[in-house]
Number of protein chains: 6
Amino acid sequence: MSLESGAGKPLAKYAAWRRAGDFVFLSGIIPVNPQSATIVRGFQDIPVEARLLLGETGEFSTDAKQGPILAQSWYVLESIRYTIEEAGGQMSDVIKLVQYFRNLDHFPYYSRVRKLFYPGQPPVSTVVQVSEMLPSAEVLIEVEATAWLPQSRLTQ
Amino acid sequence: MSLESGAGKPLAKYAAWRRAGDFVFLSGIIPVNPQSATIVRGFQDIPVEARLLLGETGEFSTDAKQGPILAQSWYVLESIRYTIEEAGGQMSDVIKLVQYFRNLDHFPYYSRVRKLFYPGQPPVSTVVQVSEMLPSAEVLIEVEATAWLPQSRLTQ
Amino acid sequence: MSLESGAGKPLAKYAAWRRAGDFVFLSGIIPVNPQSATIVRGFQDIPVEARLLLGETGEFSTDAKQGPILAQSWYVLESIRYTIEEAGGQMSDVIKLVQYFRNLDHFPYYSRVRKLFYPGQPPVSTVVQVSEMLPSAEVLIEVEATAWLPQSRLTQ
Amino acid sequence: MSLESGAGKPLAKYAAWRRAGDFVFLSGIIPVNPQSATIVRGFQDIPVEARLLLGETGEFSTDAKQGPILAQSWYVLESIRYTIEEAGGQMSDVIKLVQYFRNLDHFPYYSRVRKLFYPGQPPVSTVVQVSEMLPSAEVLIEVEATAWLPQSRLTQ
Amino acid sequence: MSLESGAGKPLAKYAAWRRAGDFVFLSGIIPVNPQSATIVRGFQDIPVEARLLLGETGEFSTDAKQGPILAQSWYVLESIRYTIEEAGGQMSDVIKLVQYFRNLDHFPYYSRVRKLFYPGQPPVSTVVQVSEMLPSAEVLIEVEATAWLPQSRLTQ
Amino acid sequence: MSLESGAGKPLAKYAAWRRAGDFVFLSGIIPVNPQSATIVRGFQDIPVEARLLLGETGEFSTDAKQGPILAQSWYVLESIRYTIEEAGGQMSDVIKLVQYFRNLDHFPYYSRVRKLFYPGQPPVSTVVQVSEMLPSAEVLIEVEATAWLPQSRLTQ
């Protein structure tokens, strides 16, 4: 499953990622497609394979309620995967996540999605509910990732 | 003063701590006993020695007001100490703390407790007030710690 | 342009910065002058050169609206620059910023100021809106910085 | 999987069910165990088989968030099944459900549980969010069921 | 005890009741006198016999507090009795009640009144709290009744 | 005037209608087009004939205010008509309506529309204001209908 091109690119004048010694720091990632400058609002904004994976039901009311957080969770974690691969690593190299939510009732949905990206050893994790994120109140989640990727282990 | 067994264990599918080079990253720690799955609500939920140390007064109204934040502050910092010791270090190796409060009026109480854990050189510190933490609104504080613990200095 | 002496000094029992291996961690910095213990409230609380740089207009209503966030943004970033120089580095060594706002409508003002401090490669960046910061609701922004400053590159 | 004895019994002076011609009307059912007079608050208040069926994860934060609505949904639907069986019918005879929620964000969880009780033809359904239900704000859902159970088809 | 003439008459273009087969459906009934178009506000708006029956105390504060809900409960149930008798039945034929409250703290008062109308077998019952009813926020309760009244049993 | 195809189809795993003896029960109907999965938001989302019938003025402010509830009322009642016709009956067979509003100030608009669908004998009616409906707060009205449609009278 590949992300639409452009995901993970910085939306403003900041770096998507920076290497510092054996570490790679990522900017906080939000569910916004930087090319179309649109916020991921639900299942309709992510690829079909992801929709299946996340359990889209096809029932309007259920999908309308759980679609936004499931799709945003997937988009953000997929963007992190894309970014760390661009830096020469892989998802398992991301060893720390700080997760900001607009509503912690969304946590179980996010947690279900995160397990798909971390079948093995999970990262350390911090979770808090904040009052808003950029660019608007439609953003339900932002995730800041830190990876440990010793230069000697680069995957190329 | 020893923590009830189980404190510091992760409450979900995430790691309590991860070593990366000379650093040890801890997950955000909340005042929840993972074995009984109960939130620390006041002096009654922490050991007697800790209650004395924190200045429990025995006066109902005073203890009811300051008990929750004092007990939660102690429990969280004690969990951090327990976790870093499990990783082979000690409290002074924890060199950075990010502290999330539900109400910054609680900061003076927390600050008093933190000094008990850091008689020497203090860590760098970030403090913000967020709107909620997991698992519920009864959680008043969450602390994310980072330690520097070169492999060569491991205490065993 | 030099900061009033005292800026960047810790306001409580925490360290302004700590070195750990090749990294320098800074405490979250707020727009408070630690010597006078006053919050930066507008253009009148920062040096004249900074006011010019930030585009003070001299029109009352405009300056009253954008002055607080512009002055606080400048003060916080200048404090970070002062601190990292004290640690032997310079602004470009600061490779990660976590920025907490009380109101994300202020972001464009802050972003304009940050560009003045980062004419070259920008840091990685995380931005969230929180409900309050220390010491009071007048604080509009807090920034936590991380620098990579290998011992071999120290500027002395 | 059998419900603890007592479920589905009326909690006050009203009938659990009344036959009228070929119809059986049920009182609105809330997630309260009438014998212990306690509200179902989470997975810990329902049988182990049900917890497995509903997907309890064993992760504290996730279960603390989704446990209450999943357990209440199961308890209410199981009480309806118990009641209609007491009236001589079965779940598929229940052809209409009016569902009251305190928070419609819970709908996807309830919907998932309802499918377990209706593998075949579903009932007609009305869903609204109300401001509170008896006996307290901890009740997240109430369901009123209507069954069509011609006397000629009684299962005994 | 007889209701003022006019009670139970529809206030708008809808039917007070409709027969369908062996069932009689009633519109939701509110405590409004359709002739004077006034809302029942307390003991002063219902007949003296009803006031005695409901336990009016003559103490100002008590009656002011419990009078509105007691009088409205009585008026609504009396209107249901009046309507079902007009349809040829009696109160015991009403086998289902859906009761909407503005404040569920009023439930015990209503429940006391309902027992006066149902000395024998009670109806099935659904109770929820909604945010408002017609025609204004002074309406504390609305009750929708369903009766089973086989044509063969008609009381004439 | 014909409804866009698809209206009246269930939006989730529930039945649009179920026959039980001589009765037909309909699910609660909301103003959502199930094919496009979009909420009816105003005059622009309903057919031109309906707009004329409802009294669209062409004045922006007036139409923007009364358009949403008029269009949603029409769409919901038209969906009921469509559904009962699918079941072999007609609007006059629908003898009971339970109407949920988000704001009872909208009642006069709805009432005006309902009269267009019921030129003859009206149904019994219950009206309450609830705090929200599926799938989102944009839904202003939901209507649950019950029809009496003896098999012997089926229109085919």
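Residues numbered from 1 in each chain as written. Chains lettered and ligands numbered in written order. Predicted model: local features only at pLDDT ≥ 70, side-chain atom pairs only at ≥ 80, totals over all residues. Heavy atoms only, no water.

Under an unreviewed UniProt entry, the name given to chain A is RidA family protein, and the organism recorded is Rouxiella aceris. What the UniProt record of chain A gives under Sequence similarities (unreviewed entry) is the line "Belongs to the RutC family." (UniProt positions renumbered as here; feature names shortened; annotations may be inferred.)

Turning to the relation of the copies chain C and chain B, a few remarks are in order. Taken as rigid bodies, chain C and chain B are interconverted by a rotation of 120 degrees and an axial shift of 0.0 Å, the fit giving an RMSD of 0.0 Å. Taken together, these values place the two copies in the relation of a three-fold axis. Nearest to the rotation axis, the C-alpha of C:V130 is located 3.1 Å from it, this being the minimum over chain C. Little of the interface of chain C is mirrored in chain B: 18% of its interface residues are interface residues there too. (Least-squares fit on C-alpha atoms with pLDDT ≥ 70 in both. Contact = heavy atoms within 4.5 Å.)

Here we take up the packing of helix α2 (residues 60-86) of chain A against helix α3 (residues 107-117) of chain D. Packing of α2(A) against α3(D) brings their axes to within 8 Å, and their N-to-C directions diverge by 135 degrees. By the criterion of interaxial angle, the relationship of α2(A) to α3(D) is oblique. As for the relative orientation of α2(A) and α3(D), their crossing is left-handed in sense. On the side of α2(A), the interface is formed by A:S61, A:T62, A:K65 and A:Q66, while α3(D) contributes D:F107, D:P108 and D:S111. A per-class count over the contact of α2(A) with α3(D) returns 2 nonpolar, 4 polar and 1 charged. (Axes fitted to C-alpha atoms, helices over the stretch in contact; angles between N-to-C directions. Helix = DSSP H or I, 4+ residues; strand = E, 2+ residues; numbered from the N terminus. Parallel < 35°, antiparallel > 145°, perpendicular 65-115°, else oblique. Left-handed = near helix turned anticlockwise from the far one by under 90°. Nonpolar A, V, L, I, M, F, W, Y, C, P; charged D, E, K, R; others polar.)

Moving on, we get to the packing of aromatic side chains. One pass over the full model with this rule turns up 38 aromatic pairs over all chains. Centre to centre, the rings of C:F23 and C:F25 are 6.2 Å apart; their planes meet at 25 degrees, and the pair counts as stacked. Across the pair, exposure class does not vary: C:F23 and C:F25 are buried alike. Ring centres of E:W74 and E:Y75 lie 6.5 Å apart, and the angle between their planes is 65 degrees; this geometry places the pair in the edge-to-face category. Residue E:W74 shares its accessibility class with E:Y75, and that shared class is buried. (Phe/Tyr/Trp six-rings, centres within 6.5 Å; stacked < 30°, edge-to-face > 60°. Buried < 20%, exposed > 50% of the residue type's maximum accessible area, 1.4 Å probe, protein only.)

Here 6 strands make up an open sheet; going across it, the order is β7(D)-β6(E)-β5(E)-β8(E)-β2(E)-β1(E) and the pairing mixed. Every interior strand has two partners, whereas the edge strands, β7 (132-133) of chain D together with β1 (17-20) of chain E, have only one. Against the sheet, helix α2 (residues 60-86) of chain E engages β1, β2 (23-26), β5 (94-101) and β8 (141-148) of chain E, with an angle of about 25 degrees to β8(E). Contacting β5, β6 (124-129) and β8 of chain E, helix α3 (residues 107-117) of chain E crosses the sheet at an angle of about 155 degrees to β5(E). (Pairing = 2+ DSSP bridges.)

Residue and element names in this part refer to chain D. Along strand β5 (residues 94-101), 8 of the 8 residues are buried, which leaves the element largely enclosed by surrounding structure. Bridge count between β5 and strand β6 (residues 124-129): 6 bridges; the pairing is parallel. Looking across to β6, one finds that Q99 is bridged to V127. Taking the sense of rotation as the criterion, the β-α-β connection linking β5, α3 and β6 turns out right-handed. (Right-handed = clockwise from strand over helix to strand, strands pointing away.)

A few words on the environment of D:V139. Residue and element names in this part refer to chain D. If you trace the backbone, V139 turns up in the loop between β7 and β8 (141-148). On the accessibility criterion, V139 (0% relative accessible area) is buried. In this structure the C-alpha to C-alpha distance between V139 and I69, which are 70 residues apart in sequence, comes to 9.1 Å. In this structure, V139 is in contact with I30, P31, I39, Q72, R102, M133 and L134, ignoring residues within four places of it in sequence.

The accessible area lost on association of the parts is a frequent measure of interface size. Listed as interface residues are 22 residues of chain C and, on the opposing side, 25 residues of chain B. For the pairing of chain C and chain B, the buried interface totals around 2000 Å² over both sides, and the portion due to carbon and sulfur atoms is 60%. Inspection of the region where chain C meets chain B yields 1 salt bridge. Across the pair C:E144 and B:K96 runs a salt bridge whose closest N-O atoms are separated by 2.6 Å. Our count for the contact surface shared by chain C and chain B stands at 9 residue pairs in polar contact (both at pLDDT 80 or more). Sorting the residues of the side of chain C that touches chain B by element identifies β1 (17-20), β2 (23-26), β7 (132-133) and β8 (141-148) of chain C as the ones contributing at least two each. Residues belonging to the side of chain C that touches chain B are distributed by class as follows: 12 nonpolar, 5 polar and 5 charged. (Buried area = accessible area lost by both parts, 1.4 Å probe. Salt bridge = Lys/Arg side-chain N within 4 Å of Asp/Glu carboxyl O. Polar contact = N/O pair within 3.5 Å; in protein donor to acceptor, adjacent residues only side chain to side chain.)

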